[in-house]
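Descriptive analysis of the structure
Each chain, letter by letter, is given below.
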Amino acid sequence: MGNSYAGQLKTTRFEEVLHNSIEASLRSNNLVPRPIFSQLYLEAEQQLSSLEAGSRADNEEEEEEEEEEGSESSSPPVSYQMKPPPEGCCTTDGFCQAGKDLRLISISNEHIEIPSGFLLVGAKSPSLPDHLLVCAVDKRFLPDDNGRNALLGFSGNCVGCGKKGFCYFTEFSNHINLKLTTQPKKQKHLKYYLVRNAQGALTKGSVICWKGTEFRGRQSSSSTCSSTLFQLPESSGLSGSTSSELLPAANPSAPSGTQPTVAAADHIPSTAAFSSAAYDGTESPKQQLVKNNLSALTRPSVLGTLTNSGPPKKRHKGWSPESPSSIETWNLQLNPQAPNRNKNDGGSLSSLPPSALVGPASSPMVGSGEPVSVPDNLLKICKAKPVILKGHGNFPYLCGNINDVIVSPLLYTCYRNSQSLSRTYEQYGTSTMQPISEEMQLLLTVYYLVQLASDQVPLIEDLEQIFMRSWRESHLSEIRQYQQAVPQTFPQVPSQIAPVTSAQLPWLAGLAASSCNDSVHIIECNYSLAEGLSEMFKLLIEGKLIKTNYVVIICAGRNRSIDSCIVITGKYQARILSESMLTPSDYQKEVNYQLVTGKVETLGSFFSTLCPEGDIDLLLEKFYQENQGHISSSLSASVNKPTALNGTGTAMCTSYEIERHQIRPFQLAVAQKLLSHICSIADSSTQNLDLGSFEKIDFLICVPPSEVTYRQTLFHLWHSGILLELGLEKEHLTKQRVEQYVMKLDAEAQMKFKVFLQNSMQNPHTLFVLIHDHAHWDLMSSAMHSLYPQTELSTGLVDRLLNCREVKEAPNIVTLHVTSFPYALQTQHTHISPYNEIHWPSSYSNGVDLYHENKKYFGLSEFIESTLSGHSIPLLRYDSSFEAMVMALGKRFPRLHSAVIRTFVLIQHYSAAMMAVCGLSQMKNYTSVETLEITQNLINSSRQCPSGHGLMVVLRIPCTPLAAVAYERLYNVRERLALEDNFEIILGNPNSGITIGKHFVEQLKVWQKIEDVDWRPQTYLELEGLPCILIFSGMDPQGESLPRSLRYCDLRLINSSSLVRTTLEQELGLAAYFVGSEINTEKAVVNDVLESDPEKLSSTDNEDEEIATEGSTSEKRSPMKRERSHSHDSASSSLSSKASITAFCSESSPPLTSAGDAAKSPHQMLSNSAEETTNNYERQKQKVDKGAQTTISKHLPPVTEQLDMKQNTKPTQISIASSSSSSPFSSSSSSSAPTHNSFILQTSQCSMTKASKQPPIVFLPKLVYDIITSTDSGGLPKSSSLLPYHSVMWASSFRPLMSKMMTCTEQSLYYRQWTVPKPIHMDYNNRNEGRMDTFHPRRLLLSGPPQIGKTGAYLQFLSILSRMLIRLTEVDVYDEEEININIKEGFNQCYHQPGDMWPNLETFKKMPFDYTIHDPKYEDASLICSKLQIMNSEERSISRRQEDMYTRRQTTRMRLSKYAAYNTYHHCEQCHQYMGFNPRYQLYESTLHAFAFSYSMLGEEIQLHFIIPKSKEHHFVFSQPGRQLESMRLPLVTDKNEDYIKSPTFTPTTGRHEHGLFNLYHAMDGASHLHVLVVKEYEMAIYKKYWPNHIMLVLPSIFNSAGVGAAHFLIKELSYHNLELERNRQEELGIKPQDIWPFIVISDDSCVMWNAVEVDCSGDRKSDYTWTERNVSLKQILQHIESTPNVTHYALIGMRKWSSKTNSAEIKEPFSCCHVHDFIMLNVDLTQNVQYNQNRFTCDDVDFNLRVHSAGLLVCRFNHFSVMKKQIAVGGQRSFHIKSKVSDTPVSISPAQYICAPDSKHTFLAAPAQLLLEKYLQYHSHRFFPLSLKNYSHPVLSVDCYLNLGPQIAVCYVSSRPHSLNISSSGLTFSGLLLYLCDSFVVASFLKKFHFLKGATLCVICQDRNSLRQTVVRLELEDEWQFRLRDEFQTANAKEDRPLFFLTGRHI
């Protein structure tokens, strides 16, 4: 029945020798003796088998619980039929069958007699969930406290009717009317022990510990609430929300039903100092977890009873079947850092309504054993509430004055987690490794406490790491098998070490504590912890523990496990721990309560007694009265001085400038990184983002509900100009329009967001970017609000909006989270893929400056670095005198919250400092040096600047009520001191805007040159230069930026008890700052070269650390020796007036003044400083950009710029130049300064100028300072190892330390592995058993340090994303004028009217053929001469320049129309199916079909292969039995179908599988068409992958290295062969052969769009017409051409190439008889006997056009249609690279080397012979035809072919075929003859018709040397041509590559 005997404790005898070594080491001088850590590693108490047994038991229990839950269970319950009750008996719920009431609430005060050995227990009835039924049960059948030793069976009595002797629980359950539907089991239904409280009433006690659960949380059934300290830590995600723990009030006057007897329930406080570890999911019998349910928290009567893990009742909303087991019920409420695993735990209570009683917090805890009475007046006597940390074993009841103690199970949880082995180690099969034993845990805890200083607070993280190291060291050999390196370096531990026994533990603990001067006191008890606690209370009351901070109570019997607890008795430590348990809302409530009830008045009266002069207020009043008539005192006069100076213009401070929106290199780099991530999402095969389908961008920026942040974002947005750039707004932009794009996450956000979602749905072609700025701010789950409607509406708002289904599913919404603290978004359940994280880049990599910035960023790491030795003044400081006073007052006023005390002390210090500065010098003794320094510099700052610029001091007070008190107090003091015009005091509340006095508004308007009467500053950035104290309130900063005039950041009042990494870093982030990088600052000379490296965890973690810390970096790098400043060393300053005077001088002293200079007169100091600065600048000068020296840079002292600018002039003539700009924020030009000295005085004195050149100084609480500046064993600041965020928890205590060298990416992966969200976190439910699909594909995370410029970066990202989208919808198309336009033949004659739609066949036959090439791509091709052109071609071509052919072709950018052809990157819904990528379809299956035909010219049978997708098989005819491909179906000439294109389209392509424009779906306007890609064999696979739904025609492998001519040749031959097959097939169907459609389309793979010219001939005369060109579909063009009358009489039909420069003359004649290119319709029937040359690489279309024309066929160009060709940078002709065959190294080979002498030793080239020939002739044909060079009147005669001989040689084409059309050659003399592979039609008599110049040259080209000689003989060439042996050449190919041979000769 659930007993577990596995894993009993093994006691081993402790060796005597170990005693001696321990004793010796403990008596050594070290506080923490090392030998103990390396020797005391003990055998674990429990074997792994017991862990496994425990998890098995758990599973069984879960199964049972599921059975019980019936209707909600996933499987149907096992039905159980109860025995019918006897006739006439009572069956009422809550009563036994005898009719007696058994309900606890009814009989709690009755006397119940029970036999000895029996206990009263509470049974739960399913029908009465809110009641317990009282039963008496023999305790032998109940388990002990460890869940063991219960006898099987049952023995019990009914306490109602007194019936005894029930031997079966089934029988007993019938008797008490449990009415069960499942098998009765005592483990399920006997839930609680019942105990008597102090009033003698029976109440619910502890949970009965069935099945080895070590401890169960119990709760009293009271409904009284009390505000307790045990709550969530700071900022658990609910900003400002209220909370109640629903814990019973524990005072005697409580209503009946409450139970003042208290013991330790397991609600784990999230203490600051004890930020807890996490649970890793492995449970041993001692760690079995109680399952619980969130909604139970609203029903106190059932708290603690929810032990079922099955599905909850229907009223419970938040259960999910996969939710793992969780910690005790108490955990749920109280510790967000605890390892809670249930679905709705972890501080979710902070959203519940406030309790009625706000007062001293109570801690009702239920325990076991005899009660311990808490003495009265404990708080009064001890001045602190002791915090009792429950450790191992059982904890006794507490009764009496329990208000004065706090009990926490935090340590217990840490112990338990450290005993559960991590899955990390389990997976290595670590069955031999056992967890650390309880004795060892306690001993290590004592060692840890012993070494803590008196002002330190214990940290759970430290303890966890100690346990982890201890365990690892004890199992070092096993771990080393699985791990490459162990970070800790411990001495080797002997493998066999005897474990500490429980008997030895107290003695060893006492020994350890003996060296700590009584700060740790050990109490050993024999029987139970109760006696130890009683003794501890007694010692406390007697005052014997005054020096003791920690009392360790150990109860260790010989035969049982230990019981222990630790009591924090140190006043400081106890206060910190207890306050850290408050949630943010409770913290505010507690403070508010103390303010409202007047408890703080005692503090005020105490302050009054401190001042011997009398009350401060009286002193102030007296001062006010004395000075009322003399307001024009020196101080006030100095305040008014700036205005006067401004008026006269005698002096003006020129350094004023508000940062305008400018993009820094870093921001641009980040924007580009963001863009590349977006592109990679779009490029991935998941189809999650179709960038090609978006035309523009829209966006919405979500910011926290801070008015200042909202206004600041609007300010950035307004000045960035992004709205105009994206085209979202017109020129006249109003503030109201800008507000549409920024959303505050407040109550009104939902309406704005709804509009955003509607826009996204209505505009599917707009990409919406949802930017979540300050993304770590609200991560609460929206379930919190749905479960508790009474919570604030803003709770979980981010989750409700940004994670809603519409956003997740919208394909056009990309979410970008932007934050400085991404840790809470990097958990195991995050929505963001690690690949979608963008981290701010490091500025330095291996010492190289990656992005040259003119400013240096100061962040956390730089601030920490400034505290290291070797630097000058540290930027981080703490105020020891302030801390001392706070500590003293804390002891004096134990009931006041420390935040109240700290605030009142600090306000007192500020008040006293102001009075001291104003002349009441006696007040210097009542403030600290730090506060005096701040106040002096603030008040004097505006006096030092002619314009009155001053410093800003930020006073951070998180608690809003305290901030209001501080504001009121400081405001009053300022008024009394007549300083109201000297500096402003601003209360910065997140929920409201900025309010400042009219005087200061006017000053700002003057400085910023603002004319607007109603202008008010709305952001802190606009307070630049305003002397002020900004009281910054709100629990968390919400992204507000501070101006450059910030000088001091006073964080002494931040909540130092809540130690969470995000909280600490965001407070310090307020001070993050940019300073000019060239400045050697006076205050803090920091590492100039090593920029803060955000890719590292902290700047102290740079790889270059050794360099950075070998002393002052600045000494090594700065031109001047660094001098230590003389007045800022807070630690060494005393409170003397001398110190304050020094502090006073410090701000006004010039930059870079050494301490030795302080004695000089101000004049000497200033002059000296100026000289030094000048010299320094001279040395720096070469670093400065010369172009920047014309204006005063804000990064260098203005005087130095001037000295450099005007070195020839005398110093007295220096004028001040300043940059002027049209921006309202620019600085103005000013008059020249009268003298050198006054100029220097002015520049060096402006405090704001100095402030902007050095980072602010930050004051911290001592506790925070210690954590920030100390490092852990990994070398990192301790703050980085804290829990990262409140609403996450560690996945395991067994986690490695973060490494010092971790980059941001590695850090993200660390948190993703080791943190899990709590149920209150919005990512909690985002889990899918570790599968990748929990990541949202369109969600990105941008992280970067605070204030570094992330807003500018993401606005820039929007800009470049928009430009890219526009670029995606645009293409570069060739835009070139037609060439040779002025020599068109028969140009003056018009054959057709401009408006004719089709050519007239008869008219067209009369049109002469225009031999001239007009296509601009052939600008570098040889001119083709005809008789008419010879005369005037000479002048025309002289203008050609040789370099023209190398210039880049002209393109223009065009927006893609809806009729464009697309490449593979285009995805849209309409063409998914066309492309074959539709996810609803299987990837398209294709079949491979061979298709053979013979061709005599090749002398062999050609075998082609078709790849035909299943979806395209209807275009083909297959033989029936064998499914052999027979033919491709062709339509009839007479077919008319609007949605069908008759001509099959063939597109030859190579190297363009991604970029070729093969998606014709939109171009064809969805019409049915047949499209065949013609590819080379080796590219078949890649084309098939990218175009799975396209028909491929695969060329034979012999054509793998062939050019485009081979593809054209095979397309034409195949098409003719297919035409024959179709004619034969359809002839059998009765169709005439001539009726089969004979045309095919041959299209280039770069044709992108098609245009049609519309001609309007409605003018008066026939010749008048107007025309417009518009984009049309290819379908429209093809159908128009296909319907041409007599279309089958045309052999070739083409269209113009588009050009923007087309003029009316070109389209006046709608049809031309000329060359056609790029996109042609070819009549394969008519051109049967005209072939493409299959060897050609270039100009094959010109060659073919000439052959067609000479064959007497019609070539028609439709001038009203044009094709646009896209510029594609890859593939096509570019894929042919000519390289050497010998070496692999790429060597450039010039075209002159493409031919060589036969049999020479020339390097052979790996290229086809034909390509070498064509390229050689193009560039070097003048070597063969020297007479022809620029001799256009005497062209080269080219027989049967056109080869490009280069632009400087003209050719004349003639055909040798009989009956061919040739130009008349009579009267023409040729300068050369080209015979290329001539066939038998060329005969000697044919050549003899032509006349050649004397000395003309001949070039004969043949396949081999033999045919070369035969040709010479056959054509009788030697009759007229002279040949020499050396005139024979060959292409530079190897013999196996079949080179071409040429022979040249001269005409005789």
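Residues numbered from 1 in each chain as written. Predicted model: local features only at pLDDT ≥ 70, side-chain atom pairs only at ≥ 80, totals over all residues. Heavy atoms only, no water.

**Details of the pattern of salt bridges**
Stated formally: By definition here, a salt bridge exists when the distance from a side-chain nitrogen of Lys or Arg to a carboxyl oxygen of Asp or Glu is within 4 Å. Elements are defined by DSSP. Helices are runs of H or I of four residues or more, strands are runs of E of two residues or more, and each kind is numbered from the N terminus. For the exposure calls, accessible area comes from a 1.4 Å probe over protein chains only, and a residue counts as buried if that area is under 20% of its type's maximum, exposed if over 50%, partly exposed in between.
Throughout the structure, instances matching the rule amount to 62 salt bridges. Residues K1765 and D1644 are paired through a salt bridge, measuring 2.7 Å at the closest nitrogen-oxygen approach. Taken together, the positions of K1765 in strand β47 (residues 1755–1765) and D1644 in the loop between β41 (1639–1643) and β42 (1647–1656) put the pair 121 residues apart, joining distant regions of the chain. Judged by relative accessible area, D1644 falls into the partly exposed class, the value being 21%. Residues joined by salt bridges that share partners form a network here, namely D1415, K1417, D1644, K1697, D1718 and K1765.

**Quick word on the sheet that holds strand β9 (residues 406–408)**
This is how it is decided: Any two strands with at least two DSSP-identified bridges between them are counted as paired. An axis is simply a line fitted to the C-alpha atoms; with a helix, the fit covers only the stretch in contact. Between two such axes, the angle follows the N-to-C directions and lies from 0 to 180 degrees. The contact criterion used throughout is that any non-hydrogen atoms of two residues lie within 4.5 Å.
With mixed pairing, the 5 strands of this open sheet are ordered in space as β9-β7-β12-β11-β10. Two strands close off the open sheet at either side, each with one partner strand: β9 and β10 (520–525). Here the strands of the sheet are splayed against their neighbours by 20 degrees on average, with no regard to which way each runs. Two elements, strand β7 (residues 387–390) and strand β12 (residues 563–568), share 4 bridges in a ladder whose sense is antiparallel. Directly across from K390, in β12, lies its bridge partner C565. Of the strands in this sheet, β7, β10, β11 (550–555) and β12 are in contact with helix α15 (residues 529–542), which crosses β10 at around 140 degrees.

**Notes on the side chain of Q1066**
Within the fold, Q1066 resides in helix α35 (residues 1061–1069). Q1066 has contacts with H774, H776, F821, D1036 and P1037, leaving out every residue within four places of it along the chain.

**Concerning the packing of helix α31 (residues 898–917) against helix α32 (residues 929–941)**
What counts here: Orientation categories follow fixed angle ranges, with anything under 35 degrees roughly parallel, anything over 145 roughly antiparallel, 65 to 115 roughly perpendicular, and all other angles oblique. Should the near helix be turned anticlockwise from the far one by less than a right angle, the crossing is left-handed, and should it be turned clockwise, the crossing is right-handed. Here the nonpolar group is Ala, Val, Leu, Ile, Met, Phe, Trp, Tyr, Cys and Pro; Asp, Glu, Lys and Arg are the charged ones; every other residue, Gly included, is treated as polar.
Between α31 and α32, the least distance of the axes is 9 Å, while the angle of their chain directions is 50 degrees. The angle between α31 and α32 places the two elements in the oblique class. The two elements α31 and α32 meet at a crossing, and its hand is right-handed. Taking contact as the criterion, the partners of L906, H909, Y910, A913, M914, A916 and V917 in α31 are, on α32, T931, L932, I934, T935, Q936 and I939. Residues of the contact of α31 with α32, tallied by class, amount to 9 nonpolar, 4 polar and no charged.

**As for helix α12 (residues 460–474)**
Rules: For a helix, the expected span equals 1.5 Å multiplied by the number of residues minus one.
If you check α12, its first and last C-alpha atoms are 21 Å apart, about what 15 residues at 1.5 Å a residue would give, namely 21 Å. With 13 of its 15 residues buried, α12 lies for the most part within the structure.

**Regarding the pairing of strand β38 (residues 1545–1548)**
Of the two faces of β38, the one carrying T1545 and T1547 and the one carrying F1546 and P1548 are both buried. Across 4 bridges, β38 lies against strand β39 (residues 1571–1575) in parallel orientation. Bridge pairing in β39 links P1548 to V1574. As paired strands, β38 and β41 are joined by 2 bridges and run parallel to one another. If you follow F1546 over to β41, its bridge partner there is I1642.

**With respect to the packing of aromatic side chains**
Quick reminder of the rule: Here the aromatic set is Phe, Tyr and Trp, taking the six-membered ring for Trp, and pairing holds for ring centres within 6.5 Å; pairs whose planes are under 30 degrees apart are stacked, those over 60 apart are edge-to-face, and all others are tilted. Two limits define a charge over a ring: the Lys NZ or Arg CZ must be within 6 Å of the ring centre, and within 35 degrees of the ring normal.
With the rule as written, the count across this model stands at 40 aromatic pairs. Where F1404 meets Y1690, the ring centres are 5.6 Å apart and the plane angle is 70 degrees; that geometry is what we call edge-to-face. Within this pair, whereas F1404 is found in helix α46 (residues 1401–1406), its partner Y1690 is found in the loop between α51 (1674–1682) and β44 (1692–1697), the two being separated by 286 residues in sequence. The same class applies to F1404 and to Y1690, which are both buried. The rings of F1870, F1886, F1890, F1892 and W1921 are connected pair by pair, giving a single aromatic cluster. The ring of Y710 is capped by K744, whose NZ or CZ atom sits 5.2 Å from the centre of that ring. Taking NZ or CZ as reference, K856 lies 5.4 Å from the ring centre of F858, over its face.

**Notes on helix α21 (residues 665–683)**
Its 19 residues give α21 an end-to-end C-alpha distance of 26 Å, which sits within 8% of 27 Å, the value for a rise of 1.5 Å per residue. Those residues of α21 that fall on the buried side of the exposure criterion are F666, Q667, A669, V670, A671, L674, L675, H677, I678, C679, I681 and A682. If you follow the buried residues of α21, they end up packed against β16 (813–819), β17 (837–839), β30 (1339–1343) and α45 (1350–1368).

**Some remarks on the nonpolar core**
Here is the rule: Buried Ala, Val, Leu, Ile, Met, Phe, Trp, Tyr and Cys residues form a nonpolar core when they are joined through side-chain atoms within 4.5 Å.
Within the largest apolar cluster, 169 residues are counted, with the highest numbers of intra-cluster contacts made by F1506, W1650 and L1875. Of all the elements, helix α50 (residues 1604–1627) adds the most residues to this core, at 8 residues. If you look at the next biggest cluster of nonpolar residues, it comprises 151 residues, including L389, V708, L1030 and L1282.

**Brief notes about the sheet that holds strand β14 (residues 742–744)**
In spatial order, the strands read β14-β13-β15-β16-β30-β17; together these 6 strands make up an open sheet with parallel pairing. Two strands lie at the open edges of the sheet, namely β14 and β17, each paired on one side alone. This sheet shows a mean twist of 20 degrees between the axes of neighbouring strands, independent of strand direction. As defined by bridge partners, β17 adjoins β30 across 3 bridges and the pair is classed as parallel. Bridge assignment links H839 to a residue of β30, and that residue is S1343. The strands touched by α21 are β16, β17 and β30; relative to β17, the strand with the most contacts, the crossing angle is about 165 degrees.

**A few points about the environment of I388**
Within the fold, I388 resides in strand β7. Given a relative accessible area of 0%, I388 falls into the buried group. For the pair I388 and A574, spaced 186 residues apart in sequence, the C-alpha to C-alpha distance is 9.2 Å. Aside from chain neighbours lying at most four places away, what touches I388 is F395, L398, V405, I406, V407, S408, L533, F537, C565, I566 and V567.

**Considerations on unusual backbone geometry**
Despite not being glycine, D518 has its phi angle at roughly 70 degrees, a positive value. Assignment of secondary structure puts D518 in the loop between α14 (505–513) and β10. The phi angle at K1830 is positive, at roughly 60 degrees, despite the residue not being glycine. With respect to the element layout, K1830 can be found in the loop between α54 (1809–1820) and β51 (1836–1839).

**Quick look at the environment of L689**
Locating L689 in the fold gives a position in the loop between α21 and β13 (696–703). Each C-alpha atom of the pair L689 and P1337 lies 8.4 Å from the other, and the pair is 648 residues apart in sequence. Excluding residues that lie within four positions of it along the chain, L689 makes contacts with I678, I681, A682, F694, L767, P811, V814 and R1338.

**Notes on the packing of helix α11 (residues 438–450) against α12**
Direction vectors running N to C along α11 and α12 enclose 130 degrees, while the axes themselves pass 10 Å from each other. When the interaxial angle is binned, α11 and α12 end up oblique. Handedness of the α11/α12 crossing: right-handed. Contact residues: Q441, L444, T445 and Y448 in α11; D462, L463, I466, F467 and S470 in α12. Taken together, the residues that form the contact of α11 with α12 break down as 5 nonpolar, 3 polar and 1 charged.

**What about the confidence of the model for the chain?**
What counts, and what does not: Values of pLDDT, the confidence the predictor places in each residue, fall between 0 and 100.
With 72% of its residues at a pLDDT of 70 or more, the chain shows a mean pLDDT of 77. Confidence over residues 1–18 falls short of pLDDT 50; this stretch has 41 contacts with residues more than four positions distant or in other chains.

**Brief notes about the pairing of β12**
Of all 6 residues in β12, 6 are buried, a share of seventy percent or more. With burial as the criterion, each face of β12 is covered, one bearing D563, C565 and V567 and the other bearing S564, I566 and I568. With 6 bridges joining them, β11 and β12 adopt antiparallel strand pairing. Across the sheet, V552 pairs through a bridge with I566, a residue of β12.

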